[in-house]
Amino acid sequence: MKLIKSIVRPNKVDEVKDALARLNIAGMTVTEVRGHGKQKGHTAIYRGKEYNVSLLPKMEVEVVVADALADEAIKAIVDAARTGEIGDGRVFVFPVLESYRIRTGEREV
Amino acid sequence: MKLIKSIVRPNKVDDVKDALATLNISGMTVTEVRGHGKQKGHTAIYRGKEYNVSLLPKMEIEIVVADNLVEEAIKAIVQAARTGEIGDGRVFVFPVLESYRIRTGERES
Amino acid sequence: MNQADTAWMLISTALVLLMTPALAFFYGGLVRSKNALNTMMMSFISLGFVGVLWALIGYSLALSAGNNWIGDLSLGFLNGVGLDAAGAIVPITIPHALYMAFQATFCIITAALISGAIVERMRFSAYLTFISLWSVVVYAPLAHWVWGGGWLADMGAWDFAGGTVVHVNAGAAAFVAAFVVGKRSEYRASTLLPHSVPLVLLGSGLLWFGWFGFNAGSALAASPIAGLAFVTTMLAPAATLVVWTFLDLWRSGKPTAVGAATAIVVGLVAITPAAGFISPLNAIFLGAIAAVPSYFALIIRAKTSLDDSLDVVAAHGVGGTVGALLTGVFAERSVNGVFDGLIAGNPGQVLIQGAAVLTAIVYSGVMSFILLKAISIVLPLRATADDESVGLDITQHGEEAYMHVGGASARTHL
């Protein structure tokens, strides 16, 4: 089982969700995060002072999938979230040792 | 050492915190997230339009515990967070390769 | 000169001025957080640019003698707009300069109302150019026709506080602006939800508060008619809110907060032309009736591809039209001392009211279209696709509505 953690543009969450739904991956957690990568930040001006805001708003989408589905899921996410411009985000994959469903307490494989 | 990441109902955070405290687990990170699983969303109505809000508010609780505490911690979380209804959430377990305490810089085992 | 009248008009002017920041909250809460400041600025900026243009030229074109079609430049640059009551187009008992300022607040909010149709994608500079020119080319003549002794007034059309001049006018311009600027690139996406409904409620509450100045101030005196307009302004939106709640319950089983805020605005818009002309009891009927067309206009609009994002047409265009027509239905000479409507035996008044509304729609629609097309030759009307995606707060203003500690918190909350 793998955790796929994607950092994507905020306006791409719907498309990623739809792309994953087509693979019957329904469970996901979405968090507003701020990220910093190759994408340049912007300059904010407050009362004459300039600030460089380099942490830009992004959305983090986390899904846990069976090992066999991981490659397909990654491809779906990348295809859905890509614009080709700097700032499209990243996808990270982590091993999941165990997974439990709280409602039943059962361990999943 | 393991990272235990739980997605629970927002009103169960205190119960989980208390349950973990009885195991002397006090360090944790709690984040407001939005999750999507088997639980059906609800319909939001905004003026003329109806929207299906499928990403429902959840709380994510992350704790890092020693290997010998993992079983007990998972059991405590599941018991505290369970209502028996769809939407109770999930618990995922990840390996932690290393851990450092920033104040002292020391590596923990 | 009357001191009571002057005191009331000082307060009324401040009340109406507050409506523009109130509108900023109302509109600002309805958009996504990345566009909250831009949307609020679209209202606030009107206080500056439209306010100054009104003093320099708009006021004179609207409310000096001139001819049937437009005022003249005799009051331009505040020439002759002094502290005595002399020189105003209508008989007043307050300083002429105060009358000018009171009227300025109307022009300011009317221009700002249009912004609801084009939020989240219009380039700020193009918007600012548009409302500045619009306030002179569209608002001033229309105000002259109705309030400056122009041809609509001669025809016998009555508009107590600006149902036609303000709301139908803004609604028509909004329709055209939404059409010319085009829909948001994410129109139809499920994520186009209001980012702060509490701000929407705050805005609608402050609008109601300010609207007492708008309507009761339009009596231009601390008079019984001001009292009448004040009471109708309280009762009509109350009735709209009640009917709207039932419509919400009937349609979806839940009384929505955005619906309640919208209902209040619709009721206020509808009572505006009638405020000092109809009885308090009829104001309840007027407010109740006005809920229905706007409620369904919202639903129908959402099914179209016209991205009038914050429903200026449904709330102000439709609400203003219904209010203007119902003014011709409910008006009673025994109440207002001026004219009768349909129920009091003067059915022709409804037709005259309808003609005035139609005139406003056509003039405002056509002129707004021409203005926008002319501006688009010089300035792109739309923000770039990238800017729209990142959000207009950052790209147009270099600011964000909701900053986090040092702009640097790694994880923020939804």
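Notes on the structure follow. (Residues numbered from 1 in each chain as written. Chains lettered and ligands numbered in written order. Predicted model: local features only at pLDDT ≥ 70, side-chain atom pairs only at ≥ 80, totals over all residues. Heavy atoms only, no water.)

## Thoughts on the pattern of salt bridges
Move 1: What the rule picks out here adds up to 26 salt bridges over all chains.
Move 2: Salt-bridge contacts for Lys5 of chain B lead to Glu60 of chain B; the nearest nitrogen and oxygen are separated by 3.5 Å. Here the residue Lys5 of chain B occupies a position in strand 1 (residues 2–8), and Glu60 of chain B occupies one in strand 5 (residues 56–65), the gap between them amounting to 55 residues.
Move 3: Asp14 of chain B is the partner of Lys17 of chain B in a salt bridge, and the nearest nitrogen-oxygen pair spans 4.0 Å. In this pair, Lys17 of chain B and Asp14 of chain B both sit in helix 1 (residues 13–21), 3 residues apart, roughly one turn of the helix.
Move 4: For Asp14 of chain B, a relative accessible area of 49% puts it in the partly exposed group.
Move 5: Among the ionic contacts, a cluster of salt bridges with common partners joins Arg32, Lys34, Glu120, Arg121, Arg184, Glu186 and Asp307 of chain C. (Salt bridge = Lys/Arg side-chain N within 4 Å of Asp/Glu carboxyl O. Helix = DSSP H or I, 4+ residues; strand = E, 2+ residues; numbered from the N terminus. Buried < 20%, exposed > 50% of the residue type's maximum accessible area, 1.4 Å probe, protein only.)

## Quick word on the nonpolar core
Move 1: If you look at the biggest cluster of nonpolar residues, it comprises 120 residues, and the most contacted ones within it are Trp54, Met122, Trp134, Tyr139, Leu207 and Phe214 of chain C.
Move 2: Per element, the largest residue contribution to this core is 16 residues, and it comes from helix 4 (residues 124–147) of chain C.
Move 3: Setting aside its immediate chain neighbours within four residues, Tyr139 of chain C contacts Trp54, Phe106, Cys107, Thr110, Trp134, Trp147, Val165, Val166 and Asn169 of chain C.
Move 4: By size, the runner-up hydrophobic cluster in this structure holds 24 residues, among which are Ile74, Ala76, Val78 and Ala80 of chain B. (Core = buried A, V, L, I, M, F, W, Y, C linked by side-chain atoms within 4.5 Å. Contact = heavy atoms within 4.5 Å.)

## Some thoughts on the interface of chain A and chain B
Move 1: Taken together, the 23 residues of chain A in the interface contact 32 residues of chain B.
Move 2: The largest contributions to the chain A side of the interface with chain B come from Tyr100, Ile102 and Arg103 of chain A, which together make up 34% of the buried area.
Move 3: We note a salt bridge from Arg90 of chain B to Glu108 of chain A, for which the minimum N-O separation is 2.6 Å.
Move 4: On inspection of chain A and its partner chain B, the count reaches 11 residue pairs in polar contact (both at pLDDT 80 or more).
Move 5: Elements with a minimum of two residues in the side of chain A that touches chain B: strand 2 (28–35), strand 5 (56–65), strand 6 (89–95) and strand 7 (98–101) of chain A.
Move 6: Taken together, the residues of the side of chain A that touches chain B sort by class into 11 nonpolar, 6 polar and 6 charged. (Buried area = accessible area lost by both parts, 1.4 Å probe. Polar contact = N/O pair within 3.5 Å; in protein donor to acceptor, adjacent residues only side chain to side chain. Nonpolar A, V, L, I, M, F, W, Y, C, P; charged D, E, K, R; others polar.)

## Here we look at the interface of chain C and chain B
Move 1: Contact residues are listed per partner, giving 23 residues for chain C and 12 residues for chain B.
Move 2: When chain C packs against chain B, close to 1,700 Å² is buried across both sides, 55% of that on carbon and sulfur atoms.
Move 3: Connecting chain C to chain B are 0 salt bridges.
Move 4: The interface formed by chain C and chain B includes 0 residue pairs in polar contact (both at pLDDT 80 or more).
Move 5: Put simply, the parts of the chain that give the side of chain C that touches chain B at least two residues each are helix 1 (3–30), helix 8 (224–252), helix 9 (257–271) and helix 10 (280–303) of chain C.
Move 6: Counted by class, the side of chain C that touches chain B contains 13 nonpolar, 6 polar and 4 charged residues.

## Topic: the packing of helix 8 of chain C against helix 10 of chain C
Residue and element names in this part refer to chain C.
Move 1: It is the contact of helix 8 with helix 10, at a shortest axis distance of 7 Å, that shows an interaxial angle of 40°. It follows from the interaxial angle that helix 8 and helix 10 lie oblique. As for the relative orientation of helix 8 and helix 10, their crossing is right-handed in sense.
Move 2: Residues of the contact of helix 8 with helix 10, tallied by class, amount to 19 nonpolar, 4 polar and 2 charged. (Axes fitted to C-alpha atoms, helices over the stretch in contact; angles between N-to-C directions. Parallel < 35°, antiparallel > 145°, perpendicular 65-115°, else oblique. Left-handed = near helix turned anticlockwise from the far one by under 90°.)

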